[in-house]
Each structure stands twice: as C-alpha cells, then as structure tokens.
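# Observations on chain architecture
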Amino acid sequence: MPEYSQPCLVAENLSCAVADRRWLFKNISISVFPGDHIALIGKNGIGKSTLLRCLSEQQKPIQGTISSQATALYVSQLSSLASAVQDLSVLDFLSANTDAWWEIERVLETVFGTVLELASPLRYLSGGEMMQLLLAIALWRKPDLLLLDEPTNHLDYVALEQLHQALSQFKGALIIVSHKPFFLDQVVNTVWELTPKGIGVYGGHYSFYQAQKQLERDAAVRSHEVARKELKKTKATVLKEQKRAAQSIRNGGRYVVLNREARGMAGTMKNWAKQTAGRLKVKHEKAMNAAAQKVAATKVHVNRATHIQLETKSQKHRNLIDVCNADLFVGAQLLLKDMDFRVVSGDRIAIAGPNGSGKSSFIKAMLRLDSVATLKNGDIQIAKMKTVYLDQHYALVDRRQTVLENMLRANSALAYQLVRQQLGHFLFFNDDVYKSASVLSGGELASLAIAMITISELDLLVLDEPTNNLDIGTVDQIVQGLRQYEGALCVISHDLGFLSRIGIQQSFQILDASLKTTAYLPNEQSHYYEELLSRSNA
C-alpha cells in the first residue's frame, strides 16, 4: 500500500440500517489514502453498495461523519439504472455528462475498443456495452476517488483485461466491489472485508487476504480444539473432586458409627464435608460453564453439502450430444460455422468467447430452447436426456412455491430428512424452508437452485454466467454443490476463479465465427487467461 501522510477521505463511526431498522453496519471507521486500490468484499446484503454511496455522499449515514478532500465518483450496478435513463440515446446520455461528448467517446474506443451507435437507445446495449460506457465516463472525469460497484459483471475476458489495464494506470484512489478473485488480484493492494461485526482491513493483494483468512480459520480451529480439550479436562477434574467429596461425607458417617463417644466431633466433620462439597459444587459449575462457553465461542461453523448417492437411470458414458460440421443461425444470420462439439456423460466443459459471439445461442439451439437460434447442416445427434439450463435468473426455481416445495419437486423420491439436511447445508434452516421463493435474494435463489441440482437425477446441467451478482461465499457454495454433481456439465462463464475450481476437463472458445478447443484449462489460470486474450487480440 502506498504511504502518504494525509488521507483523502476519513470516515468515523459510520452506521447504516435498512428500512426495517435492521443494522447493515455500525460504528465503522476507515481511511482512504491517495493511490489506495481497495477491494470491498462481503456477503450479499451486508451493505457494500450502501457504504459506497455513503462515501460518495450520495446517501447519508444514520450516524457518523465523513471528511473528504477528494472529488468522489460512484459508478453503480447496472440493475440500479433508472428506466427513464435507459430510454435515452447514447448521444443524449453522453451529452448529459458534457458538451464535449466526443471526448468520452474517444475514451470508450481507446480503453475498450468499443464504438457505439450514437442514435441507439441505451436499453438496446448489452450489459457489457453499458458497463463500458459508464466506466468510460468515470475515467474521463478523472476523480480523486473512484468507487465501482460490480463493474466486472457482464464483461468478457477481453473487456476485463482492458478494465484491468485502465485501473492499473488510474492515479487516484479506488474502491471496488467485485466477486472475481482473479481480477481483484490484478487490481487491488488492500482488501476491506465488511461483516456484521465491522470492517477488517488486510494489506496486500486478494490472494494474500485469502491466505490470511485461512490462517485465521486454522487458528480458530486450533483454539476450538484447545477449548474442547480443556472442557474434557475440566469435566474429569470435576468428576474426580466430586468423588473425593462424596467419599469425605461417607467417611464422616463411618466416624460416627465407629466412635460413638465423639459424636460432637463427628458431626462437625460431617458438616464440614458437606459445606466443602457445596463450595466445590459452585466452583465446579463456574469452571464447567466457563469451559463450555469457551468451546461455544471458538466453534467454527462450516456448511458442507452432503454427498447423496442417486440412482442413475441412464447408462454411464453414453453420448449425449454429437454435433459435426454444423452451422449456427440466429434468424437468417449465420453466427457460427463448421462446428464440432461432443458431450459424453460425466464431461465437464467450459465455453468462452466475447459478448455477443453466440455462446448462449449455441447451447439453446442444441437443446432446442430458442426458436430463433437453430443448428443446420452437418450431422446433429441429441440423445433423449434430462437437462437443466440454469442462467443468472435461476428460472429452475418456481417463484410460486416455497423453498421446501421446490426441493421436494426436484426429487420427490428422496427422504424428507435428507431434503431438510441438504437445505441446511445450503443455509436454509428452520422456518426459512417455508419462505416463498419469490422473496429470496439473488444469492439465496442461486443457493436453492444448486441445492435442487445436487438432489436431481440429471444427464446434463448447463450453467450460463451463474455467478453474476453473487458474493464469494455463495459462489463457494455453488462450487461445493457442483463437486458432488455427477452428470455432464457445460458452463458459460467469464469467472476464471469459479471455473478453475469445478474440474473442467475440456474448454472451447468461440472466435471468428468458429468453435475452437483451447490448449489450456481454467485450472491453469494464468496460461488459460493469456491464451484467450492472445487469440482474441490476434
């Protein structure tokens, strides 16, 4: 982290709550120095966007103060853009920011290589194009403090690299919310972790933060183990002393029988033994309570999905999809030509390519999910199979049903106890299972969808940008679920960190209207990333 004597922004004792008075965070104090490039991470709904809006003075905290010497600019998530703005043309939107709108247009083309039709309404732009436009405006303004809320969503690998280069050259301070670890590693030098307990500050790249968190988890596990051993030792000590006290009371009774002439002394000894036993009981209870509380306080909560062995109705290692020399048409437009693509039971395949290159259309055409996108010519063989296509909208989840009803629908033959157990592993506890799916957050919908998949008997699962808008913890849950999934898997994603952890065995890239295999796989992150970029820039 660069060292400067004076911060450009200081926030002290910030507290914010949502409409129902539930606290998002309380009494947060932070400082930002010129040159800081900070990743702000935390679970969905924890208040990351709220904190950015407060720091940019677009929202007032309930309490606390912000002292800033910097011009701050906040770039929001695309989902928060007002519909009225989306009705504007590109030219009108640029002109609303400056009369010299062509300067922003130049930044857009120089940084991202993107040229937009000025008369086109914003609503017709892709998510990637819209985000690039917002980022171009932000870079053109050259703020002292740039606050970016999920700028990496909707960007393909080339656009991600262009953003990486632009932010690396940005001289001001930067605070960025993103759930792509590989990208954060390239851009930030500090990590802020927002939790219900406050904000933790970690110096260094994102990988260093991950290493530090693992050390903290390991230390917590060791502390819990020490506490458990101490509780066990305390129980043994208490039991030993209780036996000794009981023996003292019995000895006092025998003294009365054997020495009837010394009854006064015997009575005194018996009373003394009882009093001692009473004092020891209080002492033991305190010791046991203290040891038990320490065990509870040091407990590390880990949620892991249970591996459920499902009966396989289909034959293993059979061909599910076999496409040879086929062409992809979207309407009358030829999008891809001479494609060869094969999926066998158990395969794990990744498909990469620029936004708009035809990745989703290709999959939908094969599975006959889109009447506009079709495969023609060549040899096309699609087996009869059970398939789920899951995109970032999680249409697999029926919003009219409860969480539990959705799970039971996924596999009605599975024992109720196993269904509830699996829901618990995906953080749906107690009355949560009776919630309507319509009220779930994006992260909760993703968790429920993956939970349903882990108990379903599928031949092929297709994931289309499944990690957009999800926090890192929810992505971890998806990874756990996919690791136990045994069917064929086909993934469209620009989240390299996610792809590297789900056992991809074969990778394709769409480029120049053709489908090509890659030499590297996502688990070799740097080589895979460089290969995709070098091909795209060739």
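Residues numbered from 1 in each chain as written. Predicted model: local features only at pLDDT ≥ 70, side-chain atom pairs only at ≥ 80, totals over all residues. Heavy atoms only, no water.

Here we take up the sheet that holds strand S9 (residues 198-203). To summarise the sheet geometry, strands pair through backbone hydrogen bonds and adopt either a parallel or an antiparallel arrangement. As summarised here, the arrangement of the six strands in space is S5-S6-S7-S3-S8-S9, forming an open sheet in which the pairing is mixed. Unpaired on one side and paired on the other, strand S5 (72-75) and S9 mark the two borders of the sheet. Within this sheet the neighbouring strands show an average axis-to-axis angle of 15°, counted without direction. The pairing of strand S8 (residues 190-195) with S9 spans six bridges and is classified as antiparallel. Opposite Thr 190, over in S9, you have Gly 203 as the bridge partner. Running over the sheet, helix H1 (residues 48-55) touches strand S3 (37-41), S5, strand S6 (145-149), strand S7 (173-177), S8 and S9 and is turned about 155° from S6. (Pairing = 2+ DSSP bridges. Helix = DSSP H or I, 4+ residues; strand = E, 2+ residues; numbered from the N terminus. Axes fitted to C-alpha atoms, helices over the stretch in contact; angles between N-to-C directions. Contact = heavy atoms within 4.5 Å.)

A word on the confidence of the model for the chain. Mean pLDDT for the chain: 83, with 85% of residues reaching 70 or above. Considering only residues more than four positions removed or in separate chains, one finds that residues 305-315, a stretch of pLDDT under 50, has 25 contacts. (pLDDT = per-residue confidence, 0-100.)

Right, let's talk about the packing of helix H3 (residues 90-97) against helix H5 (residues 127-141) for a bit. Two elements in contact, H3 and H5, have axes whose closest approach is 11 Å; the angle formed by their N-to-C orientations is 20°. Classified by the angle between their axes, H3 and H5 sit roughly parallel to one another. The handedness of the crossing between H3 and H5 is right-handed. On H5, the residues that touch Phe 93, Leu 94 and Asn 97 of H3 are Met 130, Leu 133, Leu 134, Ile 137, Trp 140 and Arg 141. For the contact of H3 with H5, the class distribution of residues is seven nonpolar, one polar and one charged. (Parallel < 35°, antiparallel > 145°, perpendicular 65-115°, else oblique. Left-handed = near helix turned anticlockwise from the far one by under 90°. Nonpolar A, V, L, I, M, F, W, Y, C, P; charged D, E, K, R; others polar.)

Tyr 157, Leu 423, Leu 448, Leu 461, Phe 498 and Ile 502 are the most contacted members of the largest nonpolar core, which totals 50 residues. Looking at this core, the element that brings in the most residues is helix H13 (residues 442-454), giving eight residues. Those residues in contact with Ile 502, other than ones at most four positions away along the chain, are Arg 348, Val 479, Leu 482, Leu 489 and Val 491. By size, the runner-up hydrophobic cluster in this structure holds 44 residues, among which are Leu 174, Tyr 202, Tyr 209 and Ile 472. (Core = buried A, V, L, I, M, F, W, Y, C linked by side-chain atoms within 4.5 Å. Buried < 20%, exposed > 50% of the residue type's maximum accessible area, 1.4 Å probe, protein only.)

We describe a pair of aromatic rings using the distance from one ring centre to the other and the angle between the two ring planes. Within the structure shown, the criterion is met by eight aromatic pairs. Centroid distance Tyr 157 to Tyr 529: 6.2 Å. Interplanar angle 75°. Geometry classified as edge-to-face. In this pair, Tyr 157 sits in helix H6 (residues 157-168) while Tyr 529 sits in helix H16 (residues 525-537), placing the two residues 372 residues apart along the sequence. Just as Tyr 157 is buried, Tyr 529 falls in that class too. Ring geometry for Phe 182 versus Tyr 529: centroids 4.9 Å apart, planes at 65°, classification edge-to-face. (Phe/Tyr/Trp six-rings, centres within 6.5 Å; stacked < 30°, edge-to-face > 60°.)

Taking 1.5 Å as the rise per residue, H6 with 12 residues should run 16 Å; its terminal C-alpha atoms sit 16 Å apart, in good agreement. Turning to H6, its buried residues number three or more, namely Tyr 157, Val 158, Ala 159, Leu 160, Glu 161, Leu 163, His 164, Ala 166 and Leu 167. A side-chain oxygen of the first residue of H6 lies 3.2 Å from the backbone nitrogen of Val 158; this N-cap is Asp 156. (Expected span 1.5 Å × (residues − 1). Polar contact = N/O pair within 3.5 Å; in protein donor to acceptor, adjacent residues only side chain to side chain.)

With that out of the way, let us pick up the state of the cysteines. Counting across every chain of the model gives zero disulfides. Lacking any disulfide linkage, Cys 16 is separated from the closest cysteine sulfur, that of Cys 54, by 3.5 Å. For Cys 16, a relative accessible area of 2% puts it in the buried group. The exposure class assigned to Cys 54 is buried, which follows from its relative accessible area of 1%. (Disulfide = S-S within 2.5 Å.)

The next point concerns the sheet that holds strand S2 (residues 23-32). Within the open sheet, the three strands sit side by side as S2-S1-S4. Their pairing is antiparallel. Only two strands of the sheet have a single neighbouring strand rather than two, namely S2 and strand S4 (63-68). In this sheet, neighbouring strand axes are inclined to one another by 15° on average, regardless of whether the strands run parallel or antiparallel. The sheet contacts of H1 involve strand S1 (9-17), S2 and S4, and relative to S1 the element is tilted by about 135°.

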